[in-house]
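Structural characterization, general
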Amino acid sequence: MSDEKKCITCPGCDGARDPKYDEVDKVIAKYRNLEGALIMILHQTQEIFGYLPEDVQRYVAKGLSIPLADVYGVTTFYSYFSLTPRGKYRIAVCMGTACYVRGAGSLVSAFEKELAVKVGGTTPDRLFTLEVSRCIGACGLAPVLTVNEDVYGNIGPERVSGILAKYRDRQ
Amino acid sequence: MERLKLTIDSTPVEVDPGSTVLDAAKKAGVHIPTLCYHPELKLEGSCRICVVEIEGLKNLAASCVYPAANGMVVRTNSEVVRKTRKSIVELLLANHPEDCLVCPRHGTCELQDLSHQLNVRKVRFKGKKREFALDESSIAVVRDPNKCILCGRCIRICENTQKVSAIGLAGRGSRAVVTTPFNRGLAEGPCVACGQCIKVCPVAALRERDASEQVWKALGNSTLHTVVQVAPAVRAALGEEFGLRPGALVTEKMVAALRKLGFNRVFDTQFGADLTVVEEGHELLHRLEKNENLPQITSCSPGWVKYAEHFFPEMLNLVSTCKSPQQMFGALVKTYYAEKFGIAARDIFHVAVMPCTAKKFEASREEMGRDGLQDVDAVITTRELAFMIKEAGIDFANLPDSEFDLPLGMSSGAGTIFGVTGGVTEAVLRSVYEIKTGKELEEVEFQAVRGFGGVREAQIPLNGMTLRVAIVNSLGQAEKILNKIKAGEASYHFIEIMGCLGGCIGGGGQPFSKDPDIKQKRASALYRQDHLKRVRKSHENPAIKELYRSFLGEPNGDKAHDLLHTHYRARPRY
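Per-chain numbering applies: the sequence of each chain, read as written, is numbered from 1 onward. By the order in which they are written, chains take letters starting at A while ligands take numbers starting at 1. In keeping with the predicted nature of the model, local features appear solely for residues at pLDDT of at least 70, side-chain atom pairs appear and are counted solely at 80 or more, and the whole-chain, interface and lining totals rest on all residues.

**Side note on the interface of chain A and chain B**
Two residues qualify as a contact pair if the distance between their C-beta atoms, derived from the backbone, is within 7 Å. Across the boundary between the two partners, chain A contributes twelve residues, which contact eleven residues of chain B. For the purposes of this entry, the term helix denotes a DSSP run of H or I that reaches at least four residues, the term strand denotes a run of E that reaches at least two, and both are numbered from the N terminus. Contributing elements (two or more residues each) for the side of chain A that touches chain B: helix 3 (54-64) and helix 4 (68-77) of chain A. In terms of residue count, helix 4 of chain A provides more of the side of chain A that touches chain B than any other element does, seven residues in total. Its residues assigned to classes, the side of chain A that touches chain B shows six nonpolar, two polar and four charged. Lys, Arg, Asp and Glu make up the charged group, whereas Ala, Val, Leu, Ile, Met, Phe, Trp, Tyr, Cys and Pro make up the nonpolar group; the residues left over, Gly among them, are polar.

What follows is the structure in structure tokens.
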């Protein structure tokens, strides 16, 4: 059995095919005949796995019969795609011009201090990943940040621990 | 369709619709510098060196991609154009390593040329130099991303011309880099080592893995008996490195130079080519008789063979089991030659000079040897040989002529034309016709198989049947024809596939050339040599006849199979 059939997300697995690949098969089948489907497929594949490990990218390339270099080019081009495991909650501080001048930098520092990780890092408990994003188009709320799908506007560093506590309680 | 009339630097010019401003400038005799543009590749327009001013247009336009239009007024050397071009070169130099003096592309570097041509005298910008690790995983091709200027020519030739896509652009902005997926290195992916990326790289970001040090060492070791073989395409190109006109045939000077370097025996790969023709011709007749494993596909191009292993493993049964001329030759050097002259195989150091980088890979394949010894110990390209000749201080252009040693230096004209697309087919036809019919071939030149089209077809009458042949050069064309065969849309008896455009004369190890007709010029050198050869059919080469009589026995016989034939394996594409 080839490598990509083996489970890669759960340590200690018996090596059976990870059922997540069945979901990827469905995504590929749905979009494969559409032009420019790769980004859409990678997007949904990332939702399935939480990130895009090497073997999964290889699986997608094979499934679409396209070069692996094409897939790798796309996954490393868009900051949305992650090649490393990410936390359950993904914090993205907007570093667009408006947010930046209104103090997004100190917001990032506050998160780095609270979580004890640098930008791009994931906490050891895999709960949070800290990222920065380009302008998300909500400049009226600057500085703004998102946690997964939730949006927080007009945030100062003093509210950082409160926001984190909310998600810690939720898990 | 109506022609477009435009003015380039006050010179009126007419071009066909669909032409670019750059095309029009060429027609008007106006030189516009280019970098990411390459005549054999898809347009990209990424480097902006070719910018021009077009009246009525607010911004400068990249002439290589900008469509020419009626009434257009173009200025190619105004102040703003000159300043912009200089700035672009300065920006490229700002994060380019400053080691020109010791760079292998010193003198052949297009960035260096541009900087010189555009009179760039200082670099106003200071950029952070990149610190990527070299990719030395492949035995044939070395990647140095620190020297890369991101023109994308390598990606385009690998993706579009060769359909391999071993490398691609990864990351974005200042972190963009041409690399293999997950930076795993060329050896892990589907790279076929054809070296076409090296051929189009304007700088030294891609280069061959230099084996000349290893060769120097062997030459300096008096306990080793050094034997060299030289491929046909080398003699049609080596002269370019020494200022001789493109297409100059330098066989005798090349032999003289190899002797001066210190090789004990100077032999000709064309002997190996003649042997390949005899073996492959008999194999074809056998397959035709049994009507199995058809079409027979040639196996002399190691880039093509590796491509087949990665991309068409289900069709490997069609590939001729014959080793390439290089490897047939190597096997004979370590057996026949060693026995005949009473030299132990382990005391022989056998070097092959090739127009090809994939030959380095081929020589390293584990099945290409016996008793723990590789048949070919080192492969150097035409370029590496030129470097060695220069390093030794040999005045190449004024060398007295010298002849190949016997017996493995004797060859036919059929062996010569192996170096050009269509040549293997023509060589095989010359022999197969006579072996099959027992009659002498009156016209040995098969014009129908000559030329440079990506795919050429011919039908050759052969003893009551019609032999359908196809000749393919470049792997992209190979992909097309193999898919057609798989789909049942095409059927042939024999297909010649060469991995590189033009065949070996356009190989990835050949001298860098900006001559647009270089392939034709090199090819005509080989056809000229064929024409002048006394023996023009491989099976009539007396040294080949003697080899079968005294050593091999029958063509395709047991000993021939053991030494001259090989097998292939599927390799992963992903």
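Okay, back to it.
**Some remarks on the domain arrangement of chain B**
All names here are of chain B. Start and end points for every domain follow an automatic or database-based domain assignment. Segmenting chain B into domains produces domain 1 (4-90), domain 2 (141-209) and domain 3 (213-564). Between the C-alpha centres of domain 1 and domain 2 the distance comes to 27 Å. Contact with domain 1, which involves eight residues of that partner, is made by eight residues of domain 2.

**Observations concerning the sheet that holds strand 10 (residues 225-230) of chain B**
All names here are of chain B. Pairs of strands are assigned from DSSP output, requiring at least two bridges between the strands. The four strands lie next to each other as 11-10-13-16, forming an open sheet whose pairing is parallel. The strands lining the two open edges of the sheet, one partner per strand, are strand 11 (265-268) and strand 16 (378-381). Direction aside, neighbouring strands of the sheet carry axes that sit 25 degrees apart on average. The pairing of strand 10 with strand 13 (residues 348-354) spans six bridges and is classified as parallel. For helices, the axis comes from a line fit to the C-alpha atoms of the stretch in contact; other axes are also lines fit to C-alpha atoms, and the angle between any two N-to-C directions lies between 0 and 180 degrees.

**Focus on the nonpolar core**
Nonpolar cores are built from buried Ala, Val, Leu, Ile, Met, Phe, Trp, Tyr and Cys residues. These are joined into a set through C-beta atoms within 7 Å. Comment: burial labels come from other C-beta atoms within 10 Å of the residue's own C-beta, placed from the backbone, where a count of 20 or more is buried, 12 or fewer is exposed, and between is partly exposed. B:V21, B:C154, B:V228 and B:V353 are the most contacted members of the largest nonpolar core, which totals 180 residues. When residues no more than four places from it in sequence are discounted, the contact partners of B:V228 are B:L258, B:F263, B:V266, B:F267, B:V351 and B:V353. Listed in part, the 19 residues of the second largest apolar core include A:V93, A:A104, A:F128 and A:A142.

**Observations regarding the domain arrangement of chain A**
Examined at the domain level, chain A breaks down into domain 1 (3-77) and domain 2 (89-170). Using C-alpha coordinates to define each centre, domain 1 of chain A is positioned 28 Å away from domain 2 of chain A.

**Concerning the environment of B:S301**
Residues and elements named next belong to chain B. Following the sequence through the fold, S301 ends up in the loop between strand 12 (296-297) and helix 10 (302-311). With 199 residues separating them in the primary sequence, S301 and V102 have C-alpha atoms 32 Å apart. Sequence-distant contacts of S301, that is, excluding residues within four places in its chain, are made with I497, M498 and G499.

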